[in-house]
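# Structure at a glance
If you want the building blocks of each chain, they are given just below.
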Amino acid sequence: MLSSAKLESRRFFFFIVAIALIGFLIFSSAALGVLGDRGLGYNRTIWNQFSALLLALVVLIVSARIPYHYWQKIAIWIFAISLILTLLVFVPGIGHKAGGAERWLSLGGRTIQPSEFLKLGLIIYLAAWLAKIRERVTTWESGFFPFVLFVGVVGVTLIAQPDIGTFSVTFTAATAMFFAAGAKWRQLLALGLVAIIGFSIILALRPYARERVYTFLSPNQEVSSDSWQINQSLIAIGSGGLTGRGFGQSLQKFVYLPQPTGDSVFAVAAEEFGFLGSLGLIVAFIVFALWGLRIAGRAPDRFSRLLVVGLIVLMTTGAFINMASMLGLFPLTGIPLLFVSHGGSALLFSMLGCGIILNISRSSKA
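Residue numbers here run from 1 along each chain, matching the order of that chain's written sequence. Only residues with pLDDT of at least 70 are given local features in this predicted model, and only at 80 or more are side-chain atom pairs given and counted; all residues enter the totals for whole chains, interfaces and linings. Side-chain numbers here rest on the full set of heavy atoms in the structure, without hydrogens or water.

### Brief notes about the overall build of the protein chain
- Counting secondary structure elements, the protein chain contains 13 helices and three strands.
- For 366 residues, the compact-globule estimate of 2.2 N^0.38 gives 21 Å, and the C-alpha radius of gyration of the protein chain, at 20 Å, lies within 12% of that figure.
- Expressed along its principal axes, the backbone C-alpha trace of the protein chain runs to roughly 60 × 55 × 40 Å.
- Between buried and exposed lies partly exposed: a residue is buried under 20% and exposed over 50% of the maximum accessible area for its type, with that area taken using a 1.4 Å probe on protein chains only. Looking at the protein chain as a whole, 50% of its 366 residues are labelled buried. We count a stretch as a helix when DSSP gives it H or I for four or more residues in a row; a strand needs E for two or more, and each element gets its number in order from the N terminus. What the globule rule says is 2.2 Å times the number of residues to the power 0.38, and the radius of gyration is computed from C-alpha atoms.

See the structure below:
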């Protein structure tokens, strides 16, 4: 008979797989809107995503069997390697540039986004470091300033690409870990002040960031790619009504919605499955977040608890920001919808993170 911890781990595993399969079905419909994009036919587009899903499921199963203590032992190496790989996007001939951003590495005719690895690397390292310094996290010299240094290095690397959305999600997850580790309120307030100053500098130096904020505040007063996307998204969501047009019946994914398989995929899902389907997807991510935090509360030690908190906040924050931006409740960031949007790198590293959580769940306290 299975123990309660192993039973919960198994249930969480099937829940993750179910969300991933539902996400693939949504993607398969959204992909109709990008027929011929980049010279790829529909069948090849679907196969690329399906093969990435199969590989991600293998990663999920394998990583779930790796003892979580292993990640603590090699945390510094994971962080260092992920940072080096991310810096390689700036090297001519290796880095791949698209849409004015340098976020990818070109390897053998395929591209990977190392920032997905960097997010995971930072979370694992922070969990190991915060677990090691323990009560010293409340001090400025041993807790606050090193924390700001680690996160700042990652921030500069990502913003230079530029990839402000990815850094925003990473910063949120790191802050949650800092709080869970026992940071004092004055440290968190100081961190908030640093974030405000940093965001102000970004707005001053990055015109596209200012445009996205302006579009968010006044979506109907300026015709731009961002305002077009948010307005077409709202049209798609409104057209879905209560129960939606039906699977595969979205009209906005053809011509109107930019990147229907990317950050606009939630709008496609809302048009096809309506308010009830959209609500179901939102509830699924809420359950995923609460289930993960429950596992963190039962984690066997400080490292595993902080690691689960970081991973869960990292993944769910990105998902909620994506859906909120499509609803006009948050500025557009380009962050993909977890388990649904295209992008093999994001899917692989998300499944790796889920596998780590599953292993911790199996070792949890009853």
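### Overview of the packing of helix H4 (residues 75–87) against helix H5 (residues 115–133)
- Note on geometry: axes are C-alpha line fits, over the in-contact stretch for helices, and angles between N-to-C directions span 0 to 180 degrees. It is the contact of H4 with H5, at a shortest axis distance of 8 Å, that shows an interaxial angle of 155°. With respect to H5, the element H4 is oriented roughly antiparallel. Between H4 and H5 the crossing geometry is left-handed. In contact with Ala 75, Ile 76, Ile 78, Phe 79, Ile 81, Ser 82, Leu 83, Leu 85 and Thr 86 of H4, H5 contributes Ser 115, Phe 117, Leu 118, Gly 121, Leu 122, Ile 124, Tyr 125 and Ala 128. Angles below 35 degrees are treated as roughly parallel, those above 145 as roughly antiparallel, those between 65 and 115 as roughly perpendicular, and all remaining angles as oblique. Throughout, a crossing is termed right-handed when the near helix is turned clockwise from the far one, and left-handed when it is turned anticlockwise from it by less than a right angle. A contact between two residues is defined here by any heavy atoms of the two lying within 4.5 Å.

### Quick word on the packing of aromatic side chains
- Centres within 6.5 Å are what make two rings of Phe, Tyr or Trp a pair, Trp counting through its six-membered ring; a difference in plane orientation under 30 degrees is then read as stacked, over 60 as edge-to-face, and the rest as tilted. Following the criterion strictly, the structure yields 20 aromatic pairs and no others.
- With a centroid separation of 6.0 Å and an interplanar angle of 45°, the aromatic rings of Phe 167 and Phe 171 are classed as tilted. On the criterion of helical spacing, the pair formed by Phe 167 and Phe 171 is a turn pair, its members being four residues apart in helix H7 (residues 164–180).
- On the accessibility criterion, Phe 167 (15% relative accessible area) is buried.
- A residue is classified by how much of its surface remains accessible, and Phe 171, at 21% relative accessible area, is partly exposed.
- Through successive ring pairs, a cluster of aromatic residues spans Phe 12, Phe 15, Phe 288, Trp 291 and Phe 339.

### Considering the side chain of Ser 264
- Within the fold, Ser 264 resides in the loop between helix H10 (225–239) and helix H11 (265–297).
- Residue classification places Ser 264 among the buried positions, given a relative accessible area of 0%.
- Apart from the residues lying within four places of it in its own chain, the contact partners of Ser 264 are Gln 229, Leu 257, Pro 258, Gln 259 and Met 326.

### Observations concerning the packing of H11 against helix H12 (residues 302–326)
- Viewed as axis vectors pointing N to C, H11 and H12 meet at an angle of 165°, and their least axial separation amounts to 10 Å. Viewed along their axes, H11 and H12 adopt a mutual orientation that is roughly antiparallel. Note that H11 runs across H12; the crossing there is left-handed. Residue-level contacts link Phe 266, Ala 267, Ile 282, Phe 285, Ile 286, Phe 288, Ala 289, Gly 292, Leu 293, Ile 295 and Ala 296 of H11 to Arg 305, Val 308, Val 309, Ile 312, Met 315, Thr 316, Ala 319, Phe 320, Asn 322, Met 323 and Met 326 of H12.
- Gly falls in the polar group here, along with every residue not listed as nonpolar (Ala, Val, Leu, Ile, Met, Phe, Trp, Tyr, Cys, Pro) or charged (Asp, Glu, Lys, Arg). In the contact of H11 with H12, the residues fall into 18 nonpolar, three polar and one charged.

### Describing a nonpolar patch on the surface
- Where nonpolar side chains cluster on the molecular surface, the patch consists of Leu 242, Phe 275, Leu 276, Leu 279, Val 283 and Val 287 and spans about 530 Å² of accessible area.
- Mapped onto the elements, Phe 275 comes out in helix H11. Every patch collects residues that have over 30% relative accessible area and no salt bridge, joining them within 9 Å if they carry like charges and within 5 Å if they are nonpolar side chains (Val, Leu, Ile, Met, Phe, Trp, Tyr). Using a 1.4 Å probe, accessible areas were evaluated by the Shrake-Rupley method; residue-level cover was limited to the displayed protein chains. For this analysis, a salt bridge means a side-chain nitrogen from Lys or Arg found within 4 Å of a carboxyl oxygen belonging to Asp or Glu.

### A word on unusual backbone geometry
- Even without being a glycine, Arg 134 presents a positive backbone phi close to 50°.
- Take Arg 134: it is sitting in the loop between H5 and helix H6 (140–159).
- Even without being glycine, Phe 339 reaches a positive phi, approximately 75°.
- Within the secondary structure, Phe 339 sits in the loop between H12 and helix H13 (344–362).

### Focus on a positive patch on the surface
- Counting rule applied: Lys, Arg positive; Asp, Glu negative; His and chain ends not counted. The atom standing in for a charge is NZ when the residue is Lys, CZ when it is Arg, CG when it is Asp and CD when it is Glu. Together, Lys 6, Arg 10, Arg 65 and Arg 362 make up a positively charged patch on the protein surface.
- The exposure class of Arg 65 is exposed, given its relative accessible area of 70%.

### Overview of the environment of Ala 128
- Note that Ala 128 resides in helix H5.
- Looking at Ala 128, the relative accessible area reads 12%, which means it is buried.
- Through-space distance from the C-alpha of Ala 128 to that of Pro 260 is 38 Å; in sequence the pair is 132 residues apart.
- Every residue in contact with Ala 128, bar those within four places of it in the chain, is listed here: Gln 72, Ala 75 and Phe 303.

### Looking at H6
- Buried within H6 we find Gly 143, Phe 144, Pro 146, Phe 147, Phe 150, Val 151, Val 154, Gly 155, Thr 157, Leu 158 and Ile 159.
- Lining the buried residues of H6 we find H4, H5, H7 and helix H8 (185–205).
- A 3.5 Å cut-off defines polar contacts: any pair of N or O atoms within that distance qualifies, except that in protein one atom must be a possible hydrogen donor and the other a possible acceptor, and neighbouring residues in sequence count only when both atoms are side-chain atoms. A distance of 3.3 Å separates the backbone nitrogen of Ser 142 from a side-chain oxygen at the start of H6, and that oxygen is part of Thr 139.

### Some thoughts on the pattern of salt bridges
- Throughout the structure, instances matching the rule amount to five salt bridges.
- Note that Arg 298 and Glu 8 form a salt bridge whose closest N and O atoms lie 3.9 Å from each other. With a gap of 290 residues between them, Arg 298 in the loop between H11 and H12 and Glu 8 in helix H1 (residues 4–30) connect regions that are remote in the sequence.
- A relative accessible area of 9% places Glu 8 in the buried class.
- Of the charged contacts, one joins Arg 245 and Glu 271 as a salt bridge, the two residues approaching to 2.9 Å between their closest N and O atoms. With Arg 245 in the loop between H10 and H11 and Glu 271 in helix H11, this pair connects stretches of sequence that are 26 residues apart.
- Residue classification places Glu 271 among the buried positions, given a relative accessible area of 0%.

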